[in-house]
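# Fold and geometry: a report
Now for the letters of each chain:
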Amino acid sequence: MSQFTKQEKVRFQHVDYAGIVFYPRFLEMLNCLVEDWFEEALDRPFSKMHETNGIPTVDLKIQFKNAARLGEIFTKKLWVKELKNSSILCGFQFVNESEITVLEGEVTLVNVAFNIERNDIKAEPFSDEMKEKIKIYLNS
């Protein structure tokens, strides 16, 4: 199984008064991981994609396993569990330097096209080329 990975350092901006990551910041970190995956691995940067379409999150399941503290560095991992015509179910896991899971879960992303004039957003199939790039990360 191929995974897309990135490291993240817990910064002051991420933590609450107790010095641990405030849980909504994990969602921001996950979104950064997805955005980096699309840009670096799938050659589909959000800066270009969002001119005509997008890849919104439509479902998110997350389990917070252990706290992450200011200064820690953890590895964010993402892989594809299921590829459909216009959606992707991805698994993700954040582990600390001791390989202890900080959080894990699943996120469903849908490929959409939108028409601003009509205020219309609808699912759109992935191109064959994009499906081939995504399949590299498919957990089979």
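First, a word on scope: everything that follows refers to the structure included in this document. (Residues numbered from 1 in each chain as written. Predicted model: local features only at pLDDT ≥ 70, side-chain atom pairs only at ≥ 80, totals over all residues. Heavy atoms only, no water.)

### Focus: the pattern of salt bridges
What counts, and what does not: A pairing counts as a salt bridge when a side-chain nitrogen of Lys or Arg comes within 4 Å of a carboxyl oxygen of Asp or Glu. Secondary structure elements follow DSSP: runs of H or I no shorter than four residues count as helices, runs of E no shorter than two count as strands, and numbering proceeds from the N terminus. When accessible area is computed with a 1.4 Å probe and restricted to protein chains, residues below 20% of their type maximum are described as buried, those above 50% as exposed, and intermediate ones as partly exposed.
As enumerated under the stated definition, the model contains 10 salt bridges in all. In this structure, the salt-bridge partner of aspartate 36 is lysine 6, at a minimum N-O distance of 4.0 Å. A residue pair is termed long-range when its members are at least 10 positions apart, and aspartate 36 in helix α1 (residues 23-41) and lysine 6 in strand β1 (residues 4-9) qualify at 30 residues. You can call lysine 6 partly exposed: its relative accessible area is 23%. A salt bridge links glutamate 129 to lysine 133; the nearest nitrogen and oxygen atoms lie 3.5 Å apart. In this pair, glutamate 129 and lysine 133 are both assigned in helix α3 (residues 128-135), 4 residues apart and thus about one turn of the helix distant. Judged by its relative accessible area of 54%, glutamate 129 is exposed. Assessed through its relative accessible area of 21%, lysine 133 is described here as partly exposed. Beyond isolated ion pairs, a larger network of salt bridges with shared partners links Lys6, Asp36 and Glu40.

### With respect to the pairing of strand β7 (residues 112-115)
Condition: Strand pairing is defined by DSSP finding a minimum of two bridges between the two strands.
Looking at chain direction, strand β2 (residues 53-54) and β7 are connected through 2 bridges and run antiparallel. Looking at β7, one finds that glycine 54 is bridged to valine 112. Inspection of the sheet shows β7 paired to strand β8 (residues 120-123) by 4 bridges, in the antiparallel sense. In the sheet register, asparagine 115 faces β8, and the bridge partner there is aspartate 120.

### Things to note about the sheet that holds β7
On the basis of which strands lie adjacent, the open sheet formed by 3 strands has the order β2-β7-β8 and antiparallel pairing. Each edge of the sheet is formed by a strand with only one pairing partner; in this case those strands are β2 and β8.

### Details of unusual backbone geometry
The phi angle at aspartate 43 is positive, at roughly 55 degrees, despite the residue not being glycine. With respect to the element layout, aspartate 43 can be found in the loop between α1 and α2 (46-49). Although it is not a glycine, glutamate 99 adopts a positive phi angle of roughly 65 degrees. Here glutamate 99 lies in the loop between β5 (87-96) and β6 (101-110).

### Remarks on the nonpolar core
Threshold: We call a set of buried residues a nonpolar core when its members are Ala, Val, Leu, Ile, Met, Phe, Trp, Tyr or Cys and they connect through side-chain atoms within 4.5 Å of each other. For this analysis, residues touch if any pair of their heavy atoms sits within 4.5 Å.
Ranked by internal contacts, the top residues of the largest apolar core, which has 31 residues, are Phe26, Trp37, Phe38, Ile88, Cys90, Phe94 and Ile134. With 7 residues, α1 is the single largest residue contributor to this core. Contact partners of isoleucine 134, with chain neighbours within four places excluded, come to Trp37, Leu42, Val80, Leu83, Ile88 and Phe126.

### Notes on α1
Convention followed: Take the number of residues in a helix, subtract one, and multiply by 1.5 Å to get its expected span.
Look at α1: 27 Å from first C-alpha to last across 19 residues, which is about the 27 Å you get at 1.5 Å a residue. Listed as buried for α1 are Phe26, Met29, Leu30, Leu33, Val34, Trp37 and Phe38. Looking at the residues trailing α1, positive phi occurs at aspartate 43, about 55 degrees.

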